[in-house]
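A structural walkthrough
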Amino acid sequence: MGFDYDHVKFDEIGKDLKVDPVPKKKTVEQKKVELEFDIKDDPVKEVKDLHTEEELIEESVKEESAAQKVSGDEKTREPQAANDRANHAELMMSVNNQPAIPKDDPRLPKFIVVGVMKCGTGATQHFLHNHPDLQQAKQETYFFNNDHKYLELGYDWYLNMYKFPTHDHQMNYEKTPTYYKSVRAQPRIKAMNETVKLVNIACDNVRRTLSRFLHLQHGVGTGKFKADKLEGFGHTLDEFNRNLKVTLKNLGDFLEDVKQNEGHGTMEG
Ligand SMILES: Nc1ncnc2c1ncn2[C@@H]1O[C@H](COP(=O)(O)OS(=O)(=O)O)[C@@H](OP(=O)(O)O)[C@H]1O
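Because the structure is predicted, anything quoted here is derived from the model rather than measured.

Let us now look at the packing of aromatic side chains. Within this structure, the stated rule accounts for 14 aromatic pairs. Here Tyr150 and Tyr155 contribute two aromatic rings whose centre-to-centre distance is 6.3 Å and whose plane-to-plane angle is 65°, an arrangement assigned as edge-to-face. An identical accessibility class is assigned to Tyr150 and Tyr155; each is buried. Geometrically, the ring pair formed by Tyr158 and Tyr162 is edge-to-face, given 5.2 Å between the ring centres and 85° between the ring planes.

Now for the pairing of strand E1 (residues 111–115). Counting buried positions over the five residues of E1 gives five, a clear majority of the element. One ladder, built from three bridges, connects E1 with strand E3 (residues 171–175); its direction is parallel. Each residue of the ladder has a partner; that of Ile112, found in E3, is Glu174. Both E1 and strand E4 (residues 197–200) contribute to a ladder of four bridges, which runs parallel. When the sheet's bridge partners are listed, Phe111 is paired in E4 with Lys197.

Next up on the list: the nonpolar core. Judged by nonpolar contacts, the single largest core of 18 residues is most densely connected at Ile112, Phe143, Phe144, Tyr155, Tyr158, Tyr179 and Met192. Here this core gets five residues from one element, more than from any other, and that element is helix H5 (residues 147–159). Those residues in contact with Ile112 that lie beyond four places of it in its chain are Phe144, Tyr158, Glu174, Tyr179, Ile189, Met192, Lys197, Leu198 and Val199. The next biggest cluster of nonpolar side chains, apart from the first, holds seven residues, and it includes Phe111, Cys119, Tyr173 and Ile201.

Our focus in this paragraph is a nonpolar patch on the surface. A contiguous nonpolar patch, built from Leu210, Leu214 and Leu237 and spanning about 220 Å² of accessible area, is present on the exposed surface. Considering the arrangement of structural elements, one finds Leu214 in helix H7 (residues 205–221). With relative accessibility at 38%, the residue Leu214 sits in the partly exposed group.

Time to look at the UniProt feature "active site" (unreviewed entry) in the protein chain. Per the UniProt record, "active site" (unreviewed entry) is annotated on Lys118. Of the residues examined, Lys118 reaches a relative accessible area of 22% and is grouped as partly exposed. In contact with Lys118, not counting residues within four places along its chain, are Cys203, Arg207, Arg208, Ser211, Arg212 and His215.

Quick notes on the rules
- Residues numbered from 1 in each chain as written.
- Predicted model: local features only at pLDDT ≥ 70, side-chain atom pairs only at ≥ 80, totals over all residues.
- Heavy atoms only, no water.
- Phe/Tyr/Trp six-rings, centres within 6.5 Å; stacked < 30°, edge-to-face > 60°.
- Buried < 20%, exposed > 50% of the residue type's maximum accessible area, 1.4 Å probe, protein only.
- Helix = DSSP H or I, 4+ residues; strand = E, 2+ residues; numbered from the N terminus.
- Pairing = 2+ DSSP bridges.
- Core = buried A, V, L, I, M, F, W, Y, C linked by side-chain atoms within 4.5 Å.
- Contact = heavy atoms within 4.5 Å.
- Patch = residues over 30% accessible without salt bridge, like charges linked within 9 Å, V, L, I, M, F, W, Y side chains within 5 Å.
- Areas by Shrake-Rupley, 256 points an atom, 1.4 Å probe, with all protein chains shown as cover.
- Salt bridge = Lys/Arg side-chain N within 4 Å of Asp/Glu carboxyl O.
- UniProt positions renumbered as here; feature names shortened; annotations may be inferred.

In structure tokens form, the structure reads like this:
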């Protein structure tokens, strides 16, 4: 059963929303004052986990963009178009020097929690941690989706994230909640062990988005992240909602345009 596009009024989407005027951009000085206010009044001082995770991601992103600047070629850039992904993954495997994989090392993980970020991966890890036959990596490694770690530091670095199993049945594992969306990580994990088990936890995407937003907002409020992390999302839940309403209205206009013009009105362009 197909979707009946003809009877959908895309230009109606968001029409009844009472959209408040888009807030004017704040000056740097205003943002600074707000940030200081947030830090002073924030009741939660302890954001250790949040800090560690975000630091690792930021480090990973910085390293990737530095690699792109230096090489300036296709090898290190994650492709945006879905159609390019499979080809790109193959390209990545063939053109880069792959690190030697010590396939028999008992420290290698038997399964990996690959995501989804903000779907309770931390809670899952917490439960697994208490199992006597399981042993987790020292931290979220971000190994397979980071060119610097994977290609330059290699498996020496990765294996150092693990202890040797203490008995025959014990299995090592890691959790890095961004692997699920990484074009790089997939073939690299397969190269390590093509029967390794991957655990992916799914949840409601709206709840997940809100969780991520509040995570970022909290991090900015406590000075752990830079304020520009929230650019476009707003700095409060009210701003987030306001911006979402505008985005939703724009989405309706965009879809109407696609409906009218793509493939001469067939939407098959
Ligand atoms: N058991 C269970 N089931 C469903 N959801 C749960 C569970 N335990 C924790 N949570 C909520 O998951 C949010 C944190 O997810 P993650 O641990 O995956 O975050 S992270 O990606 O590692 O930062 C975080 O959501 P928010 O509280 O909305 O931020 C947790 O409350």
